[in-house]
Amino acid sequence: MLFLIQYDRARGSVTSMRTYDDSQRELAEDARLTLELQQNRKGLKQEVVLLEASSEEGLRYTHRRYFEGLAGLAKASSSTGGDRK
């Protein structure tokens, strides 16, 4: 599964997320490029990324920084001793 994410760094939050089947990779890549070009034209400083994961739950685990605020990430890091192997 593919996930097209628009992330606002200043706010620390996802502003949009679209999902695509693996068979729609070309469509997803085109959508990423279009969204990124739109953001640049508007002068917005947001990340636009296309990520792959087996599920949304897996994505939220492997790319936590997009879904958890700084406090949540700091808490998770301190509870594991900051050692993520």
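Residues numbered from 1 in each chain as written. Predicted model: local features only at pLDDT ≥ 70, side-chain atom pairs only at ≥ 80, totals over all residues. Heavy atoms only, no water.

### Focus: the nonpolar core
- Within the largest apolar cluster, 8 residues are counted, these being Phe 3, Ile 5, Tyr 7, Val 49, Leu 51, Ala 53, Leu 59 and Tyr 66.
- Among the secondary structure elements, those contributing two or more residues to this core are strand 1 (2-8) and strand 3 (46-52).
- Per-element tally for this core: the top contributor is strand 1, with 3 residues.
- The contact partners of Leu 51, leaving out residues within four places of it in the chain, are Met 1, Leu 2, Phe 3, Ile 5, Leu 59, His 63 and Tyr 66.
- In this structure, Leu 2, Leu 4, Leu 35 and Val 48 belong to the second largest nonpolar core, which totals 7 residues. (Core = buried A, V, L, I, M, F, W, Y, C linked by side-chain atoms within 4.5 Å. Buried < 20%, exposed > 50% of the residue type's maximum accessible area, 1.4 Å probe, protein only. Helix = DSSP H or I, 4+ residues; strand = E, 2+ residues; numbered from the N terminus. Contact = heavy atoms within 4.5 Å.)

### Let's talk about the sheet that holds strand 3
- An order of 2-1-3 is seen for the 3 strands of this open sheet, with the pairing classed as antiparallel. Because the sheet does not close on itself, it has two edges, and the strands there are strand 2 (13-20) and strand 3. Strand-to-strand twist of the sheet, defined as the mean angle between neighbouring strand axes without regard to direction, takes the value 15°.
- As judged from the 7 bridges shared by strand 1 and strand 2, these two strands associate in the antiparallel manner. Pairing of Leu 2 across the sheet is with Tyr 20, part of strand 2.
- Relative to the sheet, helix 1 (residues 25-42) contacts strand 1, strand 2 and strand 3, its axis offset from that of strand 3 by approximately 170°. (Pairing = 2+ DSSP bridges. Axes fitted to C-alpha atoms, helices over the stretch in contact; angles between N-to-C directions.)

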